[in-house]
Amino acid sequence: MHPSFKKVQMLESDNFITELNQPLNMATDPPFHQAYKSLIEDTSNNIFGKKLVLVEECELPLIDLSRILHNDNVVDESEREECKEEIARASQQWGFFQVTNHGISKDLLEKMREEQVKVFKQPFDKKSKEDKFMNFPAGSYRWGTPTATCLNQLSWSEAFHIPMADISASAAAFTTLSSTLEQFATTVAGLARKLTAILAEKLGRESTFFQENCLPSTCYLRMNRYPPCPVPSAIHGLMPHTDSDFLTILHQDEVGGLQLVKDGKWIAVKPNPEALIVNIGDLFQAWSNDVYKSVEHRVVTNPSTERFSIAYFFCPSYDTVIQNSEPSNYRKFSFREFRLQVQEDVQKYGHKVGLPRFLISH
């Protein structure tokens with residue numbers, strides 16, 4: 001399917017501070033207003049008063065994975081190769097694509113959404129003590145942007161960031177959420193391994209690299225909730241960024257809000273709750289020597305409707321070295337070195353710099 005576009009409008013408010021100071025659901029929502037009061041009330045941050053922003057809405061390249069997930073005797077080899085070519089082409093031209101017939105049942109996706117809503121509807125005070133909540137490890141629950149120094153660095157969202165190893169551990173509690181998380185994580189991990197093997201094959205690279213370096217213990221899930229925001233065009237749900245992994249697989253609801261950069265401009269991704277969204281991360285761009293693209297993306301907020309999504313991040317161990325054959329655009333670096341550099345830049349500048357830090361000057 002060819003991507004299609006249409007115009008969608010995002011209105012911005014002149015009554016910026018007034019609207020931001022309207023109360024949220026204080027029982028469950030993080031205390032954004034209290035924590036970021038100085039940013040909200042600092043009129044020097046009110047740089048938005050423009051009336052209208054036009055953003056094109058698109059359908060990402062849509063790929064039917066039944067051609068590669070079925071047994072060999074069901075699908076013709078030419079169809080299988082065509083599917084692989086579509087995956088590689090979308091990764092080169094878009095850095096994003098969506099997949100159907102992906103092997104994750106509709107029932108499981110619906111159950112995951114139900115359990116996710118339940119956990120986020122818990123009182124904020126309870127969620128913020130996640131070491132005693134659902135057996136999640138300390139530091140799993142995150143909200144806002146602690147390093148924000150201005151409004152455009154603030155993310156109006158909350159999330160549970162859960163290492164795969166801890167999902168298995170929490171599943172021992174036999175809670176419905178934990179068992180659903182484990183089932184979802186196990187299934188989507190298999191899909192990630194399949195997709196990365198195909199992308200490596202199309203590069204002529206050794207696909208066992210991912211089997212050896214991207215283990216269940218090194219990957220993680222992130223459950224996201226984006227509460228309604230009084231001024232959706234002034235504050236991001238998730239600020240613009242690229243992903244610091246090899247591959248991300250996302251399931252989002254029908255609300256929408258995901259946007260990405262294509263041909264130098266922001267476009268909005270049309271929601272398709274039955275599909276999964278796949279995007280290339282920084283490590284894959286470097287490992288492929290810029291053949292596959294890690295594309296900047298963001299989440300915009302909604303003034304009246306909350307949004308839910310869940311993402312699986314396919315990451316290597318910290319000691320994994322990212323390199324490719326000469327001539328390479330990037331110097332050799334470990335995942336640990338990359339993560340530390342990202343953390344340093346965020347602390348210093350308020351945002352990630354990412355791959356440009358590791359470019360070789362030819």
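Residues numbered from 1 in each chain as written. Predicted model: local features only at pLDDT ≥ 70, side-chain atom pairs only at ≥ 80, totals over all residues. Heavy atoms only, no water.

- As annotated in an unreviewed UniProt entry, the protein is gibberellin 2beta-dioxygenase from Citrus sinensis.
- Looking at the Sequence similarities (unreviewed entry) heading of the UniProt record, one finds this comment for the protein: "Belongs to the iron/ascorbate-dependent oxidoreductase family. GA2OX subfamily." (UniProt positions renumbered as here; feature names shortened; annotations may be inferred.)

Thoughts on the overall build of the protein
Alright, step 1. Scanning the protein from N- to C-terminus turns up 12 helices and 16 strands.
Alright, step 2. Evaluated residue by residue, the protein yields a buried proportion of 52% over its 362 residues.
Alright, step 3. Intrachain contacts of the protein at a sequence separation of at least 6 include 78% that bridge at least 24 residues. (Helix = DSSP H or I, 4+ residues; strand = E, 2+ residues; numbered from the N terminus. Buried < 20%, exposed > 50% of the residue type's maximum accessible area, 1.4 Å probe, protein only. Contact = heavy atoms within 4.5 Å.)

As for the confidence of the model for the protein
Alright, step 1. The predicted model of the protein has a mean per-residue pLDDT of 86, with 84% of residues at 70 or higher.
Alright, step 2. The element-level mean pLDDT for the protein is lowest in helix α1 (residues 16-20), coming to 48, with strand β12 (residues 276-280) highest at 98.
Alright, step 3. Confidence drops under a pLDDT of 50 for residues 9-19, and excluding neighbours within four residues, the segment shows 33 contacts in the predicted structure.
Alright, step 4. Note on residues 47-52: pLDDT under 50 across the span, and 13 contacts to partners over four residues away in sequence or across chains. (pLDDT = per-residue confidence, 0-100.)

Remarks on the sheet that holds strand β9 (residues 247-252)
Alright, step 1. In spatial order, the strands read β3-β4-β12-β9-β14-β7-β6-β5; together these eight strands make up an open sheet with mixed pairing. Edge positions in the open sheet fall to β3 (62-64) and β5 (141-143), since each of these has one partner strand only. Going across the sheet, the axis of each strand differs from the next one's by a mean of 25°, ignoring polarity.
Alright, step 2. Across six bridges, β9 lies against strand β14 (residues 307-314) in antiparallel orientation. Bridge assignment links His-251 to a residue of β14, and that residue is Ile-310. (Pairing = 2+ DSSP bridges. Axes fitted to C-alpha atoms, helices over the stretch in contact; angles between N-to-C directions.)

Some remarks on the packing of aromatic side chains
Alright, step 1. Per the stated rule, a full pass over the model turns up 24 aromatic pairs.
Alright, step 2. When the ring of Phe-210 is compared with that of Phe-284, the centres are 5.3 Å apart and the planes differ by 45°; the resulting orientation is tilted. Linking Phe-210 in helix α10 (residues 208-213) with Phe-284 in helix α11 (residues 282-287), this pair joins segments that are 74 residues apart in sequence. Comparing Phe-210 with Phe-284, the two get one shared label, buried.
Alright, step 3. Put simply, the rings of Phe-32, Tyr-36, Phe-120, Phe-124, Tyr-141, Trp-143, Trp-156, Phe-160 and Phe-308 touch in pairs and so form one group of aromatic residues.
Alright, step 4. If you follow Arg-205 out to its NZ or CZ, it ends over the ring of Trp-287, 3.9 Å from the centre. (Phe/Tyr/Trp six-rings, centres within 6.5 Å; stacked < 30°, edge-to-face > 60°. Lys NZ or Arg CZ within 6 Å of the ring centre and 35° of its normal.)

Regarding helix α9 (residues 176-203)
Alright, step 1. Look at α9: 41 Å from first C-alpha to last across 28 residues, which is about the 40 Å you get at 1.5 Å a residue.
Alright, step 2. Following α9 by one or two positions, Gly-204 has its phi on the positive side, about 80°. (Expected span 1.5 Å × (residues − 1).)

Some points on the nonpolar core
Alright, step 1. In this structure, Ile-87, Leu-181, Met-223 and Phe-246 are the most contacted members of the largest nonpolar core, which totals 78 residues.
Alright, step 2. With 12 residues, the single largest contributor to this core is α9.
Alright, step 3. Residue contacts for Ile-87: discarding those within four places in its chain leaves Ile-63, Leu-65, Ile-68, Phe-97, Leu-195, Ile-198 and Leu-199.
Alright, step 4. Of all hydrophobic cores here, the second largest spans 12 residues; its members include Leu-39, Ile-40, Ala-148 and Val-231. (Core = buried A, V, L, I, M, F, W, Y, C linked by side-chain atoms within 4.5 Å.)

Here we look at the packing of helix α5 (residues 77-93) against α9
Alright, step 1. Where α5 meets α9, the axes come as close as 10 Å, and the angle between the chain directions of the two elements is 85°. Comparing the axis directions of α5 and α9 gives the class roughly perpendicular. Between α5 and α9, the contacting residues are Glu-81, Lys-84, Glu-85, Ile-87, Ala-88 and Ser-91 on the first element and Leu-195, Ile-198, Leu-199, Glu-201 and Lys-202 on the second.
Alright, step 2. Its residues assigned to classes, the contact of α5 with α9 shows five nonpolar, one polar and five charged. (Parallel < 35°, antiparallel > 145°, perpendicular 65-115°, else oblique. Nonpolar A, V, L, I, M, F, W, Y, C, P; charged D, E, K, R; others polar.)

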